[in-house]
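These are the residues of each chain, in order.
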Amino acid sequence: MKFMTGAEIRESYLNFFESKDHKRIQSASLIPNDPQLMFTVAGMVPFKPIFWGKVEATYKRVTTCQKCVRTNDIENVGRTPRHQTFFEMLGNFSFGDYFKREAIKWGWEFVTEHLALPEELLWVSIYLDDDEAFSIWRDEVGVPEKKIVRLGKADNWWGPAGPSGPCGPDSEIFIDRGYGNNCPDPENCSPACDCGRFLEFWNLVFTEFNQDEEGNLSYLERKNIDTGFGLERAASILQSVDSNFDTDLFIPIIRKIEELLGVKYKEKEISDVSIKVIADHARSIAFMVSDGVLPSNEGRGYVLRRVLRRAVRHSSLLGYDSPFLYRIVETVAEQMGNVYPELKNRLSFTQEIIMKEEERFLSTLLNGEKRLKSILVDKKELSGSELFILHDTYGFPLELVEEIVADTGVTLDKEGYEREMKLQRERAREALGDRKYLGNIEVYSSIFPTTGNSKFTGYSRLEDRSTIVAILKDGDAMEVLEEGETGDVILEKTPFYPERGGQVTDTGLIETETALARVESVFIPYQEMIVHRISVEEGTLRVKDQARLTVDTDRRKAIMRNHTATHLLHAALRKIIGGHIHQSGSLVLPDRLRFDFSHFQSLSTDEINKVENMVNEEILKAKPVEKAEKSFDEIKGEDVMALFEEKYGDKVRVITVEGFSRELCGGTHVNNTGEIGLFKILSETSVAAGTRRIEAITGTTSLEYFRNLFNRQKTIREVLEVPEDVIIQRLQGILDELRSGGQEIVRLKEKLLSGDALMKDKRMTAKGVNLLIRRVENAPSSALRNGADVLLSKENGGIVIIFNELEDSISFVVKVEKKLTDRFKAGEIAKKIAHDLGGGGGGRPDFAQAGGKDVSKLEAIIDRIDEYL
């Protein structure tokens, strides 16, 4: 067994399978194109549509090193040698090409010859009934029979990702580490034992069956291979260390943690847990943010926030309370950026997002500590619900609470806390609902042998003729659709664009000799089958009818203008705001465009104007918009934007505005930028932390927008009877007059309130002091306060009470001369009166305000006012 670095293992693996005619493919994004999954959790995830048969494989043999995130066992990270939230999964895949024999023999060849692992230390496991795999391992590879362990479904069967789907047996390779933990039978220990002596590091999945919802198995027409070889685990074996965290994949990150936090790895077990948590989580955070995940309170953003906050909490356990993760991700980028260039390309943006989130959470932690201290007053035990609130509301972990209360004698209701956490997980699962992969794919896959893929002709034409090859209604195949009915129609070819890539669907008409149908939407449910959702307006539509297809031209052209404008906007943002700008989402409609992008603060007015100007300059240049179909190999090394959420086949469409914008895109576009017309940004807002949204218009929508503005301004000019160039000054003058008038009204009300002409006054002597009671109606609260001050001065001291009678309630103020506050408290007087009025209030000893709703009691209260003093 030879020493190999993580980078050497990765490259050796990929080179080996390239030599076996596999196509090396760059890692897919952590954000999968799969409604069942929040993150890419395994090497096979990007190829799931191929395993399902939804799309044809571009390459029959593929090898990858896939970045993955799993957080289901996050509590174990740092406490075990091999639990991680981020890991790299090496894999080789066959889509209907080679199968068990080649997969097994090549796996053994790589492990024994290229990694030089001693054969005497290697064992294998197979599925209980997989005699074919047993024969290959024993008779062709030469593994001794006693070292081939048959295990059941729990260990050696790869189930479908849901109630139904592709599945099959698997076979694993183990290395004997020579020791375990409390092995019950050391003499006969094997991979069937869970003592830890045998470490699994290579998994071969033989996907040869399809399982239906009743659990019945049938053979797939096309058998597939899915291999998983964890890089971190392989590094621990080849570097002869017991923990993944002691490999060269983690040590540089751990050294940076030591430097920043002033701690030492391998000195204390408890601090080692925190160091390993931070090292792992820093990798996850760096990769998630660089792939476009941003902190939020739901979905992927919530997972990112949870991982980041967990790392920050562990830094607090190490005695560190300042932002630091944003500096550690720089080390991650330095170490892994050559393999995953997005880490370096988006580093400044990633650091900005992480630092802001750290700062936000550190203040939350401070509030959590205050909350904990307030709960701990006179407490012998913290209940499960209190612990849960600290965790859920304040982000305060149980382990941090344990450390704080360690020397106080306070006990923690951990069982109650776990019950609350379990209830939260159940609520989360209910909220997620039953998310079935690919929905009703069976409806369309069942007719695919008849229809095949549809040819899209809409790039070059908006009218075409084609044959209706299938009709569906409510999921059932039909021969006809009658007038008034709705259903799905599939044609051999179509100019109608299906909704995808943020661009909305085309609409239009389908006409035959016997029918007229309106196309309401178009979509692709299976492979490249284009389905038209239609309603029959006249006659009867039949399978095999020849049809004339007409796209709504005005709508399509408006969509094309907005789609090309979206590309120009994206390029302008990157040029003016910065290269960290990346598309997070888009919506291209006929009347407007919406563009979401990664950025950590709002754009200034000046920045918006510059972006808008740059886009319009490109439009005025009337540049050709070039559309070219190329292979991925052709565009390697070219400066072409590819969006992480998009899926691309072997052939891709490159949309180019020379010298300005170049993107991979399957949407429809204008032929010349001059066709776009005026581009106008309507708004720039926040969607989530680190994500901004621009909404804009083009073409005739811009014309209508400015026509409305012009007409509105014309009306304002006519109403104000001023020239256009002084409208603003005139409006400002009117506002100044209104403000001045408002202030004068308040002043006059105060004057009236404190004057002697009002008839609803009552003067008396109570408890040996002068008391003035005044009743007013609908006075502003500020007038009450100021009026009480003036009246007290005019009365030469004493007590003043002003009752303000409103429509269905009463407000009042109580003012007490300062030298009398040792005998009379304005706040106490106000509380008593407010109580009898059915309300509340209070204040200082010298001044208070209050109110109530029981207007009928006012007279009685005034009559016995001395009782309230």
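Shown above is the structure to which this text applies.
Below or above, wherever it landed, is the structure these notes cover. From a predicted model like this one, the values you see are computed outputs, not experimental measurements.

### Some details on the pattern of salt bridges
Side-chain pairs of opposite charge can arise whenever the charged atoms involved come near each other.
Then, number 1: A complete count under the given rule lists 61 salt bridges for this structure.
Then, number 2: Taking the shortest distance from any N to any O, the salt bridge between Glu537 and Arg518 comes out at 2.8 Å. Pair noted here: Glu537 is in strand β20 (residues 529-539) and Arg518 is in strand β19 (residues 515-526), with a separation of 19 residues, a long-range link.
Then, number 3: Given the relative accessible area of 35%, Glu537 is considered partly exposed.
Then, number 4: Residue Arg518 is classed as partly exposed on the basis of its relative accessible area of 38%.

### Here we look at the packing of aromatic side chains
How two aromatic rings sit relative to each other is set out by the distance from centre to centre and by the angle between their planes.
Then, number 1: Enumeration according to the criterion identifies 32 aromatic pairs in this entry.
Then, number 2: With a centroid separation of 6.0 Å and 40° between ring planes, the pair formed by Phe110 and Trp202 is classed as tilted. Here Trp202 lies in strand β8 (residues 198-211) and Phe110 lies in helix α3 (residues 100-114), a separation of 92 residues in the sequence. Here Phe110 matches Trp202 in class, with each residue buried.
Then, number 3: Note on Phe803 and Phe812: the rings are 5.4 Å apart at their centroids and 45° apart in plane angle, and the pair reads as tilted.

### Quick notes on helix α19 (residues 605-620)
Then, number 1: The first and last C-alpha atoms of α19 sit 22 Å apart over 16 residues, in line with the 22 Å expected at 1.5 Å per residue.
Then, number 2: Those residues of α19 not exposed but buried are Ile608, Val611, Glu612, Val615, Asn616, Glu618 and Ile619. Around the axis of α19, the buried residues are gathered within 155° of arc, so they sit on the same side.
Then, number 3: If you follow the buried residues of α19, they end up packed against α18 (553-576), β26 (651-657) and β28 (680-688).
Then, number 4: Phi turns positive, to about 50°, at Ala622, one or two residues after α19.

### Side note on the packing of α18 against α19
Then, number 1: Their axes nearest at 9 Å, the elements α18 and α19 cross at an angle of 130°. The angle between α18 and α19 places the two elements in the oblique class. At the point where α18 passes α19, the crossing takes the right-handed sense. Touching Leu568, Leu569, Ala572, Leu573, Lys575 and Ile576 of α18 are Lys610, Val611, Met614, Val615, Glu618 and Ile619, all from α19.
Then, number 2: Residues belonging to the contact of α18 with α19 are distributed by class as follows: 9 nonpolar, no polar and 3 charged.

### With respect to unusual backbone geometry
Then, number 1: For Ala622, which is not glycine, the phi dihedral falls at a positive 50°.
Then, number 2: Tracing the sequence through the fold places Ala622 in the loop between α19 and β25 (625-631).
Then, number 3: Despite not being glycine, Glu721 shows a phi value in the positive range, around 60°.
Then, number 4: Since its relative accessible area comes to 72%, Glu721 is described here as exposed.

### Notes on the environment of Lys380
Then, number 1: Here Lys380 shows up in the loop between α12 (347-376) and β10 (381-382).
Then, number 2: Note on Lys380: relative accessible area 72%, which makes it exposed.
Then, number 3: For the pair formed by Lys380 and Val410, sequence separation is 30 residues and the distance between their alpha carbons is 4.9 Å.
Then, number 4: Apart from the residues lying within four places of it in its own chain, the contact partners of Lys380 are Gly409, Val410 and Thr411.

### Some details on the sheet that holds strand β24 (residues 593-598)
Strand pairing in a sheet relies on backbone hydrogen bonds, with the paired strands running either antiparallel or parallel.
Then, number 1: Judged by pairing direction, the sheet is antiparallel, and its 4 strands sit side by side in the order β23-β24-β29-β28 without closing on themselves. At either end of the open sheet lies a strand with only one pairing partner, and these are β23 (583-588) and β28. Across the sheet, the mean angle separating the axes of adjacent strands is 15° when strand polarity is ignored.
Then, number 2: Pairing analysis gives 6 bridges linking β24 to strand β29 (residues 691-697), with the strands arranged antiparallel. Within the sheet, the bridge partner assigned to Phe595 lies in β29 and is Ile694.

### What to know about the pairing of strand β30 (residues 761-766)
Then, number 1: As defined by bridge partners, β30 adjoins strand β31 (residues 769-777) across 6 bridges and the pair is classed as antiparallel. Each residue of the ladder has a partner; that of Arg763, found in β31, is Leu772.
Then, number 2: Turn length for the β30-β31 hairpin, with the two strands adjacent in sequence and antiparallel, is 2 residues, and the turn residue Lys767 shows positive phi of about 55°.

### Quick word on the nonpolar core
Then, number 1: Ranked by size, the top nonpolar core spans 95 residues in total, and within it Leu117, Trp137, Phe201, Trp202, Phe229, Ile257 and Leu325 carry the most contacts.
Then, number 2: No other element matches helix α8 (residues 269-290), which puts 11 residues into this core.
Then, number 3: When residues no more than four places from it in sequence are discounted, the contact partners of Phe229 are Ile9, Tyr13, Glu88, Met89, Leu90, Phe110, Leu115, Phe201, Trp202 and Ala234.
Then, number 4: Among the nonpolar cores identified, the runner-up in size contains 28 residues, and Ile581, Val611, Phe660 and Val670 belong to it.

### Concerning the environment of Ala628
Then, number 1: Note on placement: Ala628 falls in strand β25.
Then, number 2: The spatial distance from the C-alpha of Ala628 to the C-alpha of Arg653 is 5.6 Å, given a sequence separation of 25 residues.

### Description of the pairing of strand β32 (residues 799-805)
Then, number 1: In terms of burial, β32 is a largely internal element, 7 of the 7 residues being buried.
Then, number 2: By the alternation rule, side chains of β32 split into Ile799, Ile801, Phe803 and Glu805 and Val800, Ile802 and Asn804, which are all buried.
Then, number 3: Assessed by its sense of winding, the connection that carries the chain from β31 through helix α23 (residues 781-794) to β32 is right-handed.
Then, number 4: Where β32 meets strand β33 (residues 810-816), 7 bridges bridge the pair, whose relative direction is antiparallel. Each residue of the ladder has a partner; that of Ile801, found in β33, is Val814.
Then, number 5: Where β32 folds back on β33, the antiparallel hairpin that results is connected by 4 residues.

### Quick look at the sheet that holds β30
Then, number 1: One open sheet holds the 6 strands; their spatial order is β30-β31-β32-β33-β35-β34, and the pairing between them is mixed. Both edges of this open sheet fall to β30 and β34 (840-843), since each of them pairs with a single strand only. Adjacent strand axes in the sheet meet at a mean angle of 15° when their direction is disregarded.
Then, number 2: Examined bridge by bridge, β31 and β32 share 7 bridges and lie parallel to one another.

### Some remarks on a nonpolar patch on the surface
Then, number 1: Taken together, the side chains of Leu678, Leu682, Tyr705, Phe706 and Leu709 define a hydrophobic patch exposed on the protein surface, amounting to about 380 Å² of accessible area.
Then, number 2: Here Leu709 lies in helix α21 (residues 699-720).
Then, number 3: Of the residues examined, Leu709 reaches a relative accessible area of 32% and is grouped as partly exposed.

Each value, and the rule that gives it
- Residues numbered from 1 in each chain as written.
- Predicted model: local features only at pLDDT ≥ 70, side-chain atom pairs only at ≥ 80, totals over all residues.
- Heavy atoms only, no water.
- Salt bridge = Lys/Arg side-chain N within 4 Å of Asp/Glu carboxyl O.
- Helix = DSSP H or I, 4+ residues; strand = E, 2+ residues; numbered from the N terminus.
- Buried < 20%, exposed > 50% of the residue type's maximum accessible area, 1.4 Å probe, protein only.
- Phe/Tyr/Trp six-rings, centres within 6.5 Å; stacked < 30°, edge-to-face > 60°.
- Expected span 1.5 Å × (residues − 1).
- Arc of directions from axis to C-beta.
- Contact = heavy atoms within 4.5 Å.
- Axes fitted to C-alpha atoms, helices over the stretch in contact; angles between N-to-C directions.
- Parallel < 35°, antiparallel > 145°, perpendicular 65-115°, else oblique.
- Left-handed = near helix turned anticlockwise from the far one by under 90°.
- Nonpolar A, V, L, I, M, F, W, Y, C, P; charged D, E, K, R; others polar.
- Pairing = 2+ DSSP bridges.
- Core = buried A, V, L, I, M, F, W, Y, C linked by side-chain atoms within 4.5 Å.
- Right-handed = clockwise from strand over helix to strand, strands pointing away.
- Patch = residues over 30% accessible without salt bridge, like charges linked within 9 Å, V, L, I, M, F, W, Y side chains within 5 Å.
- Areas by Shrake-Rupley, 256 points an atom, 1.4 Å probe, with all protein chains shown as cover.

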